[in-house]
Amino acid sequence: MAFKEKDLIGSTLYEQALEKGAIACVLQGITVDSEILAKYPNSTIVLVDNVVKAMQQLASYKRNLYHIPVVAITGSVGKTSTKDMVASVLSQNYKVLKTQGNYNNEIGLPLTVLSLKDEEAMVLEMGMNSFGEISILTNIAKPDVAVITNIGTAHIGMLGSRENILKAKLEILEGLNLQGTVIMNYDNDLLHNWYEKEKENYHILTYGLQQGSNIMGRNVIFEENGSKCEAVINDKTYEVSIPVGGEHFVSNSLCALAVAKTLNIPIERALKGIEEFELTKKRMEMKKSRNGATIVNDCYNANYDSMKAALDYVGKLPNKRKIAVLGDMLELGEYSKELHQKVGKVVVKNKIDLLICVGKEVTYMAQQAIVDGMSKENIFICNSNEEAIQILQQKLQQEDIVLLKASNSLNFTQICDAII
């Protein structure tokens with residue numbers, strides 16, 4: 001097997017690892033000197049053809065040793081926030097291990113499983129950008145509950161269509177326990193249609209704001225620092241308080257209640273878990289600028305669906321002036337122009353007062369906003385974060401609300417840090 005140089009960097013550092021006390025190293029593509037073996041007689045070195053596959057096999061083996069509930073979560077948008085909320089709900093009954101940060105891929109998920117110690121439940125996030133990736137992850141995790149939050153446009157440039165994205169996300173069912181439950185968003189068009197075709201073949205629990213959902217939300221109230229709604233479960237109504245604003249977090253809370261119902265967690269405890277939920281940083285983080293303006297820091301990542309959700313949230317708030325600082329959405333391929341234009345329409349629909357764009361593809365967004373009626377004087381196209389910072393420093397007023405959102409590589413954290 002041939003190896004690229006970058007694949008071997010970790011393996012070449014094994015001696016430093018042993019010097020620092022590592023008791024075992026799994027290596028690929030190198031030869032270990034006999035002198036090293038003699039120098040560290042109490043350490044174990046395992047040579048394998050592929051370190052990543054070996055780690056996945058170890059994680060799968062370890063998973064089989066534990067008889068604990070495992071919840072796997074995937075979707076085009078909202079995976080991390082849903083994971084955090086579900087974990088908060090499960091923590092009312094269990095000691096929970098959950099995916100940390102963006103450890104949701106072929107390396108991160110096995111590392112999470114391998115870190116399992118005395119936890120009594122796992123909540124695992126599963127990401128992907130091509131076919132076959134979630135298949136690998138779900139066959140390691142072997143979930144009892146499989147959650148699909150939605151099917152949107154993230155990675156559409158690689159997969160070619162939303163239908164293909166659905167197909168890739170449904171790979172999560174390959175590892176599902178035969179008596180397991182599928183939980184999905186009934187409001188999403190593709191998931192709704194899939195449910196109608198497959199409801200006799202799986203045990204499925206739906207959630208959403210549409211009539212017909214098993215866990216149904218209604219009477220939603222949006223506030224700057226949170227949201228409230230009613231959840232109807234088995235004809236009984238519960239009051240839900242969510243410490244983060246936005247309709248997508250209402251949806252996340254309904255999903256968490258569906259997981260609680262599946263795992264027999266009392267709804268009253270689940271509601272407490274939702275109230276105590278803490279969001280991963282850089283996702284709808286509420287901050288204050290130096291002059292008192294409200295900053296919505298949602299700059300971890302961006303696709304059309306999450307852009308729309310964030311703009312819809314800001315649009316519903318009562319602040320006197322609304323500013324959107326938006327950057328390029330990446331990995332959209334031939335759909336990039338169309339989807340950036342659609343964001344421009346959403347900007348106007350939500351009556352954004354100032355639009356500050358950073359990047360190249362955002363030009364389409366700005367052009368569409370002008371076509372839909374936004375004044376050119378209120379649109380600024382920047383080549384760098386520094387330009388956006390200068391404009392904000394000149395324009396920002398105390399009662400403004402500012403949304404910061406772009407793909408992670410644009411480093412909008414730099415803008416946030418400069419104005420708070």
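Our subject in this report is the structure included herewith. For clarity, every value in this text was computed on a predicted model and none was experimentally measured.

## Description of the layout of surface pockets
For step 1, the next point in the chain: Its volume calculated, the largest pocket comes out at about 1,000 Å³.
For step 2, the next point in the chain: If you go around the largest pocket, you meet 40 residues; those closest to its centre are Lys79, His155, Arg283, Tyr300 and Asn301.
For step 3, the next point in the chain: Where the lining of the largest pocket is concerned, the elements lending two or more residues are helix H5 (79-90), helix H7 (133-141), helix H11 (247-262) and helix H13 (304-316).
For step 4, the next point in the chain: Classifying every residue of the lining of the largest pocket by side-chain character gives 13 nonpolar, 18 polar and nine charged.

## Some words on unusual backbone geometry
For step 1, the next point in the chain: Even without glycine at this site, Asn219 takes up a positive phi of about 50°.
For step 2, the next point in the chain: The class of Asn219 is exposed, set by a relative accessible area of 52%.
For step 3, the next point in the chain: We note that Glu331 has phi near 60°; this positive angle belongs to a residue other than glycine.
For step 4, the next point in the chain: Residue position: Glu331 is located in the loop between strand E14 (321-327) and helix H14 (336-349).

## Brief notes about helix H12 (residues 267-275)
For step 1, the next point in the chain: Every buried residue of H12 is accounted for by Ile267, Ala270, Leu271, Gly273 and Ile274. Around the axis of H12, the buried residues are gathered within 155° of arc, so they sit on the same side.
For step 2, the next point in the chain: Buried-residue contacts for H12 involve H5, strand E10 (226-233), strand E11 (236-242) and H11.

## Here's the deal with the side chain of Thr153
For step 1, the next point in the chain: Among the secondary structure elements, Thr153 is positioned in the loop between strand E6 (145-148) and helix H8 (156-159).
For step 2, the next point in the chain: Not counting residues up to four positions away in its chain, the partners in contact with Thr153 are Ser76, Arg162, Ile165, Tyr304, Asp305, Leu332 and Leu339.

## Some thoughts on the sheet that holds E6
For step 1, the next point in the chain: Spatially, the nine strands line up as an open sheet ordered E4-E5-E3-E6-E7-E8-E9-E10-E11, and their pairing is mixed. Two strands close off the open sheet at either side, each with one partner strand: strand E4 (96-98) and E11. Neighbouring strand axes in the sheet, compared pairwise and without regard to direction, differ in orientation by 20° on average.
For step 2, the next point in the chain: For E4 and strand E5 (residues 121-125), the ladder comprises three bridges, and the chain directions are parallel. Pairing of Leu97 across the sheet is with Met122, part of E5.

## Here's the deal with helix H4 (residues 51-65)
For step 1, the next point in the chain: Along its 15 residues, H4 runs 21 Å from first to last C-alpha, staying within 8% of the 21 Å computed at 1.5 Å per residue.
For step 2, the next point in the chain: Buried within H4 are the following residues: Ala54, Met55, Gln56, Ala59, Ser60, Lys62 and Arg63.
For step 3, the next point in the chain: Residues of H4 that are buried in the fold lie against strand E1 (24-28), strand E2 (44-48), strand E3 (70-74), helix H6 (108-114), E5 and H7.
For step 4, the next point in the chain: The distance from a side-chain oxygen at the start of H4 to the backbone nitrogen of Val52 is 3.0 Å, and the residue carrying that oxygen is Asn50.

## Some remarks on the sheet that holds strand E15 (residues 354-358)
For step 1, the next point in the chain: Strand order in the open sheet formed by six strands is E12-E13-E17-E14-E15-E16, with mixed pairing between adjacent strands. The two strands at the open ends of the sheet, each matched to only one other strand, are strand E12 (285-288) and strand E16 (379-382). The mean angle between the axes of side-by-side strands here comes to 15°, regardless of whether they run parallel or antiparallel.
For step 2, the next point in the chain: Summarising the sheet, E15 and E16 pair through four bridges and their orientation is parallel. Its bridge partner being in E16, Cys357 is matched across the sheet by Ile381.

Calculation criteria
Residues numbered from 1 in each chain as written. Predicted model: local features only at pLDDT ≥ 70, side-chain atom pairs only at ≥ 80, totals over all residues. Heavy atoms only, no water. 1 Å grid on protein atoms, 1.4 Å probe; cavity = no way out; pocket = protein on both sides within 12 Å on 5 of 7 lines; lining within 4 Å. Points joined across faces, edges and corners; volume = space filled by probe spheres on them. Helix = DSSP H or I, 4+ residues; strand = E, 2+ residues; numbered from the N terminus. Nonpolar A, V, L, I, M, F, W, Y, C, P; charged D, E, K, R; others polar. Buried < 20%, exposed > 50% of the residue type's maximum accessible area, 1.4 Å probe, protein only. Arc of directions from axis to C-beta. Contact = heavy atoms within 4.5 Å. Pairing = 2+ DSSP bridges. Axes fitted to C-alpha atoms, helices over the stretch in contact; angles between N-to-C directions. Expected span 1.5 Å × (residues − 1). Polar contact = N/O pair within 3.5 Å; in protein donor to acceptor, adjacent residues only side chain to side chain.

In short, geometric facts, not functional conclusions.
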